[in-house]
Amino acid sequence: MDAQRLIQCARGDRQADLLLKNGRMIDVLSGRIENVDIAVIDGRIAGFGDYAADTVVNLSGSFVAPGFIDAHLHIESAMASVTEFARAVVPLGVTTVVADPHEIANVLGVEGIRYMLAAAENQPLGVYYTLPSCVPATAMETAGAALGVRELSRFMGEERIRALAEMMNFPGVVAGDPAVLGKIALARQQGKRVDGHAPGLTGKPLAAYVAAGIESDHECTTAAEAREKLAMGMHIMIREGTGARNLDALFPVINEKTMDRMMWCTDDRHPHDILAEGHVDHIIRSAVALGLDPVSAIRMGTLHPARYFGLHDVGALTPGRRADMVIFPDLRAPRAEAVYVGGRLTAEKGNMRPEIPRPLSAGLPPSMHIAPDTVDFALPAQGRRIRVIDVIPDQLVTGQSVLDATIRDGMAVADPSRDILKIAVVERYTGKGGTGLGFVRGFGLRRGALASSVAHDSHNIIVVGTDDKAMKTALEAVVRMGGGLCAAFERDVRAALPLPIAGLMSPEPMTVIRDRLDDLIAAAAAMGGTLRDPFMTLSFLALPVIPELKLTDMGLVDVGRFEVVPLFVE
């Protein structure tokens with residue numbers, strides 16, 4: 001930034017680059033709406049009022065708000081590269097995100113974080129990060145990396161790093177685990193925030209969690225939980241993602257006394273929802289529809305996250321701040337008709353401007369170290385009764401049952417007539433191909449198999465199917481693509497989505513990703529699948545921190561007991 005040029009322009013002694021005339025500016029600092037002209041030079045706001053400018057744009061009474069900010073999300077959940085994610089959300093008015101690269105860190109560790117930092121450069125989106133705090137998530141699975149204080153210390157001082165990411169290991173915090181507290185201390189020493197993740201934590205354990213230095217939470221699902229955490233001093237991020245939507249439940253908590261410590265986030269939002277509904281703009285519209293004052297809704301998506309993360313040059317429209325602006329005609333249902341990023345018209349009418357470049361991503365090491373021929377899905381029967389994972393539609397939690405096994409020639413096999421399918425998690429990092437096997441019901445498949453390298457949190461390959469041949473076909477396809485999603489029948493791949501970036505993300509535009517997901521879901525339905533989004537359900541069946549029964553490469557995990565348990569029951 002050339003301070004002299006900015007000051008001269010602000011004084012009126014130098015011509016501005018851009019003047020937005022006849023706009024109604026939303027002043028999120030005062031809560032007022034001002035009829036002003038906005039002067040911009042070198043990508044920053046110079047002042048308001050009568051200025052000469054190279055380019056003058058008449059807004060004809062449209063509203064001007066600061067660019068929207070997402071306080072917590074995982075870009076990997078959109079299955080798009082940073083470049084393509086930016087091109088999807090900037091036209092929606094999102095100009096800044098604070099992302100947790102937890103997923104890619106579980107796959108590639110330090111290299112994954114470096115990749116995401118490099119990918120953030122030269123984007124038409126302000127991309128900031130929080131450092132993953134829990135890699136690996138548990139010791140009951142094989143991850144691609146382990147990040148301790150030594151590894152995190154390489155990055156904590158960087159400008160793009162704004163916090164220690166969601167501290168999911170709340171039992172470790174409450175117990176005073178030295179390794180966990182060391183990560184918190186590292187962030188605090190660097191003057192960075194410490195984000196939380198503590199669903200349902202209450203009372204004295206919550207007090208201990210906050211006392212350790214945790215400052216926020218995005219996992220509240222009830223108004224009572226949010227009120228208690230606010231009373232403890234926490235900031236609350238209200239989440240509207242794909243798998244978890246909490247606005248309706250938490251809306252009663254938002255008022256003039258609480259909202260300064262509340263903000264919006266999407267956490268995990270899939271391509272269909274981004275393209276069909278929107279992003280932070282969708283949350284703002286939803287909150288206004290529930291009765292929240294529009295200016296307050298916009299403040300929670302601009303000023304509040306900017307203040308929380310110390311992003312002093314965004315979040316409001318004032319002289320000297322970056323000219324990130326969203327233009328829209330309807331205050332009660334903001335939909336961006338134009339978006340300026342750093343004073344440059346970057347998107348209009350829902351599309352990126354054609355002259356906006358696509359930054360190239362850096363290379364990444366391969367993350368698929370599997371020889372599919374060595375993987376055996378055969379399961380010798382070791383008893384007559386088996387534990388079975390029960391899928392609960394549209395939920396991340398599962399149930400569990402003990403049922404009679406179907407046994408043929410001494411092998412326990414899937415039984416589609418009872419909706420009992422075989423499920424496998426194949427480790428992809430060491431080359432050993434360690435495989436956990438089990439059974440699941442609730443997918444409804446009558447034939448074929450589904451496979452995915454998106455399998456939270458360690459992202460080994462997860463496969464579900466009616467027979468071993470189809471499961472092997474799906475596994476081979478995922479490995480061949482360098483990661484991705486697949487639907488297969490016998491030796492035929494019916495639909496696939498390559499995710500060559502760490503097995504998590506595609507370099508294709510988000511519309512292409514959505515269309516291929518549609519093909520996959522249609523293929524699953526043609527094979528008898530009954531779930532609305534079977535691949536989303538599949539991706540969480542390997543997550544051993546969400547009840548009740550899950551599967552990792554090490555075997556079945558009873559989450560309530562937090563231990564690996566036998567598949568066969570006496």
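Rules used throughout
Residue indices follow the written sequence of each chain, beginning from 1 at its first position. Selection of residues for local features in this predicted model requires a pLDDT of at least 70, selection of side-chain atom pairs for listing and counting requires 80 or more, and totals for whole chains, interfaces and linings are taken over all residues. Only hydrogens and water are set aside; all other atoms, that is, all heavy atoms of the structure, feed into the side-chain values. Secondary structure elements follow DSSP: runs of H or I of four or more residues count as helices, runs of E of two or more count as strands, with numbering from the N terminus. Throughout, radius of gyration means the C-alpha value; the globule benchmark is 2.2 Å times the number of residues raised to the power 0.38. Burial classes: relative accessible area under 20% of the type maximum marks a residue as buried, over 50% as exposed, and values in between as partly exposed (1.4 Å probe, protein chains only). Areas reported here follow the Shrake-Rupley algorithm with a probe of radius 1.4 Å; residue values treat only the protein chains shown as occluding. Counted charges follow a simple rule, with Lys and Arg positive, Asp and Glu negative, and His plus the chain ends left uncounted. Working definition for charges: the position is that of NZ of Lys, CZ of Arg, CG of Asp or CD of Glu. Identification of polar contacts relies on pairs of N or O atoms within 3.5 Å, with a donor-acceptor requirement for protein atoms, meaning one able to donate a hydrogen and the other able to accept it, and with residues adjacent in sequence counted only if both atoms are side-chain atoms. UniProt positions are given in the numbering used here, feature names are shortened, and annotations may be inferred rather than shown by experiment. Annotation comment: domain bounds sourced from an automatic or database domain assignment. When checking whether two residues touch, look at their non-hydrogen atoms; a contact exists if any pair is within 4.5 Å. Defined in terms of a 1.4 Å probe, buried area is the accessible area two parts forfeit on being brought together, summed over both. Residue classes follow a fixed rule: Ala, Val, Leu, Ile, Met, Phe, Trp, Tyr, Cys and Pro count as nonpolar, while Asp, Glu, Lys and Arg count as charged, and any other residue, Gly among them, counts as polar. We define a salt bridge as a side-chain nitrogen of Lys or Arg found within 4 Å of a carboxyl oxygen belonging to Asp or Glu. At least two DSSP bridges between two strands are needed for those strands to be called paired. Aromatic pairing here means that ring centres of Phe, Tyr or Trp (its six-membered ring) are within 6.5 Å. Orientation follows from the plane angle: under 30 degrees is stacked, over 60 is edge-to-face, and everything else is tilted.

**Q** Tell me about the overall build of the protein chain, and name the residues and values.
**A** What the protein chain contains, in helices and strands, is 17 helices and 31 strands. Rg of the C-alpha trace for the protein chain: 25 Å, near the compact-globule value of 25 Å for 570 residues, within the 12% margin. In terms of principal-axis extent, the alpha carbons of the protein chain reach across some 90 × 50 × 45 Å. Among the 570 residues that make up the protein chain, the fraction classed as buried is 61%. For the protein chain, the computed accessible surface area is about 20,900 Å², with 50% contributed by carbon and sulfur atoms. Where the 57 positive side-chain charges of the protein chain centre and where its 69 negative ones centre are 1 Å apart.

**Q** Account for helix α1 (residues 3–11), with residues named and values stated.
**A** Backbone nitrogen of Q4 and a side-chain oxygen of the N-cap are separated by 3.1 Å at the start of α1; the cap is D2. Phi turns positive, to about 95 degrees, at G12, one or two residues after α1.

**Q** So what's going on with the UniProt feature "domain: Amidohydrolase-related" (unreviewed entry) in the protein chain? Which residues, and what values?
**A** Residues annotated in UniProt with the feature "domain: Amidohydrolase-related" (unreviewed entry) correspond here to residues 63–342. In the segment residues 63–342, helix accounts for 35% and strand for 19%; the C-alpha atoms at its two ends are 18 Å apart.

**Q** Residue-level account of the domain arrangement of the protein chain, with values.
**A** Domain annotation for the protein chain reports domain 1 (66–314) and domain 2 (372–564). Distance between the C-alpha centres of domain 1 and domain 2: 28 Å. At the interface, 32 residues of domain 1 touch 38 residues of domain 2. Interface area for domain 1 against domain 2, summed over the two sides, is near 2,900 Å², with a carbon-plus-sulfur share of 71%. Of all residues in domain 1, M79, M140 and T142 bury the most surface against domain 2, accounting for 27% of the area lost on that side. Taken together, domain 1 and domain 2 are joined by ten residue pairs in polar contact (both at pLDDT 80 or more). Among the secondary structure elements, those contributing two or more residues to the side of domain 1 that touches domain 2 are α2 (82–89), α3 (102–108), α4 (110–119) and α11 (271–276). For the side of domain 1 that touches domain 2, the leading source of residues is α3, giving six residues. Broken down by class, the residue content of the side of domain 1 that touches domain 2 amounts to 18 nonpolar, ten polar and four charged.

**Q** I'd like a description of the UniProt feature "domain: Adenine deaminase C-terminal" (unreviewed entry) in the protein chain, backed by residues and values.
**A** Under the local residue numbering, the UniProt record ascribes the feature "domain: Adenine deaminase C-terminal" (unreviewed entry) to residues 395–562. From the first C-alpha to the last, residues 395–562 spans 20 Å; its make-up is 21% helix and 34% strand.

**Q** An account of the pattern of salt bridges is requested, with residue identities and associated values reported.
**A** Enumeration according to the criterion identifies 30 salt bridges in this entry. Between R11 and D13 there is a salt bridge, with the nearest N and O atoms lying 2.8 Å from each other. For D13, a relative accessible area of 56% puts it in the exposed group. With a shortest N-O distance of 2.7 Å, E84 and R358 are connected by a salt bridge. Of this pair, E84 sits in helix α2 while R358 is found in the loop between β17 (351–352) and β18 (385–391), placing the two residues 274 residues apart along the sequence. The exposure class assigned to E84 is buried, which follows from its relative accessible area of 5%. Exposure remark for R358: the relative accessible area of 46% places this residue in the partly exposed category. Among the charged side chains, a salt-bridge network with shared partners connects R245, R269, D273 and E277.

**Q** Quick one: what's the story with the sheet that holds strand β12 (residues 235–239), residue by residue and with numbers?
**A** The three strands are arranged β11-β12-β13 in an open sheet whose pairing can be described as parallel. Edge positions in the open sheet fall to β11 (216–217) and β13 (262–265), since each of these has one partner strand only. Pairing of β11 with β12 involves two bridges; the strand directions are parallel. Within β12, the residue paired with S216 across the bridge is H235.

**Q** Lay out the packing of aromatic side chains with the relevant residues and their values.
**A** Under the criterion given, the structure shown has two aromatic pairs. Ring centres of F63 and F328 lie 6.0 Å apart, and the angle between their planes is 20 degrees; on these two criteria the pair is classed as stacked. Pair noted here: F63 is in strand β5 (residues 63–66) and F328 is in strand β14 (residues 325–328), with a separation of 265 residues, a long-range link. For the pair shown, F63 and F328 are each scored as buried. Look at Y308 and F309: their rings are 4.7 Å apart centre to centre, the planes differ by 85 degrees, and that puts the pair in the edge-to-face class.

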